[in-house]
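Tertiary structure, described
Here's the letter readout for the chains.
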Amino acid sequence: MIKTDISIIGAGPAGLFAVFEAGLLKLRTHLIDYLPKPGGQLSEVYPKKPIYDIPGYPTVLAQELVDKLLKQNEPFEPGYTLGERIESLEKRGERDFVLTTDKGTQINSKAVIIAGGLGCFEPRRPEVPELKRFEGGKGINYMVLDPEKFRNKKLVLAGGGDSALDWTIYLAEIAAEITLVHRSESFRGAPDSVNKVVELSKQGKVNLLLNSNLTKVNGNGVLNEVVIQHKNADDIVTIATDELILLFGLSPKLGPIEKWGLNIDKNAIDVNPEDYSTHIEGVYAIGDINTYKNKLKLILCGFHEAAIASHSIYKYINPGIKYTMKYTTVNGVNAF
């Protein structure tokens, strides 16, 4: 079992900044996120999107902001459990929480911060019959958790955004065969990535099928072929494949959080705006996942909430111990 001072559910910007604020208070943290890498929406949905309302940055790319937050946290050495979803939250006693993931990992902490953004991201599934029959390790994937899983295999990817383009470029170097299927003539991703995929297609390293849709999946127990139909013709292509990777984006839902006994108001967790605590003592919620009067869903507000919640948690974990706030401009950033 992993032991820490604060479990942080969600590795988006608010959760990442909570690591820094807790670290200044000498509190150890461990982040858990269903996505395979830190960054939340910023990394998974729009990594190259410019953000204009971060103080001190006239403009900053989403992934650049994540990278700087990760760099800022390095002195405090947070732990990470990625690619796993928290299924249950159990309070065993005062300042004693156990979180359990869908893969059985358990994290024991003295307090919990829920920084789940808009909730747990679930894949958007295309309307193709029998997809679920091949989920759960039987050939259909909605994200790439471990690229090595696809080494020397025949792959079909479907999608037209940055994620589909980036993974096509990466996996083209390790897959035996790779086909990218996109329903349109043009892509939504970065022009540089589009150019790289087109070049890989010219070199014969990627089979590029544009204006085409996935219509059928076949297999006996496990997936072994997919059927692709051209949008403007009767052309139907059957492709033998070991793995199908569907990259149509992610849809946010509260997921298991709804069952934890928290006060939920319109798909958000109701908190006390004085310290962003929930009605369960020792559990806090920050960022887009919480709600209170005059709530603003802005990254900079999530940063503010992370600071206030961290100081409140310090008092909760250390009852009776007086803390004198010391500015980083005076003391700098000191690791444990």
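Refer to the structure printed above.
An account of the accompanying structure is given in this report.

What counts, and at which threshold
Residues numbered from 1 in each chain as written. Predicted model: local features only at pLDDT ≥ 70, side-chain atom pairs only at ≥ 80, totals over all residues. Heavy atoms only, no water. Helix = DSSP H or I, 4+ residues; strand = E, 2+ residues; numbered from the N terminus. Rg over C-alpha atoms; globule rule 2.2 N^0.38 Å. Buried < 20%, exposed > 50% of the residue type's maximum accessible area, 1.4 Å probe, protein only. Pairing = 2+ DSSP bridges. Expected span 1.5 Å × (residues − 1). Polar contact = N/O pair within 3.5 Å; in protein donor to acceptor, adjacent residues only side chain to side chain. Contact = heavy atoms within 4.5 Å. Axes fitted to C-alpha atoms, helices over the stretch in contact; angles between N-to-C directions. Parallel < 35°, antiparallel > 145°, perpendicular 65-115°, else oblique. Left-handed = near helix turned anticlockwise from the far one by under 90°. Nonpolar A, V, L, I, M, F, W, Y, C, P; charged D, E, K, R; others polar. Phe/Tyr/Trp six-rings, centres within 6.5 Å; stacked < 30°, edge-to-face > 60°. Lys NZ or Arg CZ within 6 Å of the ring centre and 35° of its normal.

Moving on to the overall build of the protein chain. In terms of helices and strands, the protein chain carries 7 helices and 23 strands. A globule of 336 residues ought to have a C-alpha radius of gyration of about 20 Å, and the protein chain, at 22 Å, matches this closely. Projecting the C-alpha coordinates of the protein chain onto the three principal axes gives extents of approximately 75 × 45 × 35 Å. Within the protein chain, buried positions represent 50% of all 336 residues.

With that settled, consider the pairing of strand 9 (residues 106-109). Pairing of strand 1 (residues 2-3) with strand 9 involves 2 bridges; the strand directions are parallel. Across the sheet, residue Lys3 finds its bridge partner in strand 9, namely Asn108. Hairpin connection from strand 8 (residues 96-101) to strand 9: 4 residues lie between these consecutive antiparallel strands, with Gly104 at a positive phi of about 90 degrees.

An α-helical turn contains 3.6 residues, so any two residues separated by three or four positions project in the same direction. For helix 6 (residues 299-317), spanning 19 residues, the distance from its first C-alpha to its last is 26 Å, which sits close to the expected 27 Å at 1.5 Å a residue. With respect to burial, helix 6 is a largely interior element, 14 of its 19 residues being buried.

The next thing to look at is the sheet that holds strand 19 (residues 243-246). Strands sit in the order 12-19-13-14-15 across an open sheet of 5 strands; the sheet is parallel. Each end of this open sheet is capped by a strand with a single partner; those strands are strand 12 (140-141) and strand 15 (207-209). In terms of strand pairing, strand 12 meets strand 19 through 2 bridges, oriented parallel. Paired with Asn141 across the bridge in strand 19 is Ile245.

This next bit is on the side chain of Ser43. On the secondary structure map, Ser43 appears in helix 2 (residues 41-44). Separated by 2.8 Å, the side chains of Ser43 and Gln63 make a polar contact. With sequence-adjacent residues up to four places away left out, Ser43 is seen in contact with Lys37, Pro38, Gln63 and Val66.

Remark: helix 1 (residues 13-24) packs on helix 3 (residues 62-73), axes separated minimally by 9 Å, with the N-to-C direction vectors making an angle of 20 degrees. On the basis of the axis angle, helix 1 is roughly parallel to helix 3. Our pair here, helix 1 against helix 3, has a crossing hand that is left-handed. In this structure, helix 1 contributes Pro13, Leu16, Phe17, Val19 and Phe20 to the contact, and helix 3 contributes Val66, Leu69, Leu70, Gln72 and Asn73. Among the residues making up the contact of helix 1 with helix 3, the classes are represented as 8 nonpolar, 2 polar and no charged.

The sheet built from 4 strands is open, its strands ordered 1-9-8-7 with mixed pairing. Whereas interior strands pair on both sides, the edge strands pair on one side only; in this sheet they are strand 1 and strand 7 (86-93).

To continue, consider the environment of Phe248. Here Phe248 shows up in the loop between strand 19 and strand 20 (250-253). Excluding residues that lie within four positions of it along the chain, Phe248 makes contacts with Arg124, Pro126, Ala158 and Gly159.

Next up on the list: the packing of aromatic side chains. One pass over the structure, following the stated rule, counts 5 aromatic pairs. Ring centres 5.6 Å apart and planes at 85 degrees place the aromatic pair Trp167 and Tyr170 in the edge-to-face group. Here Trp167 pairs with Tyr170, and both are found in helix 4 (residues 162-171), just 3 residues apart, close to one helical turn. A residue is classified by how much of its surface remains accessible, and Trp167, at 21% relative accessible area, is partly exposed. Connected via pairs of aromatic rings, a cluster forms that spans Phe17, Phe20, Phe76 and Phe303. The cationic tip of Arg125 hangs over the ring face of Tyr142; the distance from NZ or CZ to the ring centre is 4.9 Å.

Time to look at the environment of Gly12. Mapping Gly12 onto the fold places it in the loop between strand 2 (6-9) and helix 1. For Gly12, a relative accessible area of 12% puts it in the buried group. In this structure the C-alpha to C-alpha distance between Gly12 and Gly116, which are 104 residues apart in sequence, comes to 7.3 Å. Apart from the residues within four sequence positions on either side, Gly12 is in contact with Asp33, Gly39 and Gly40.

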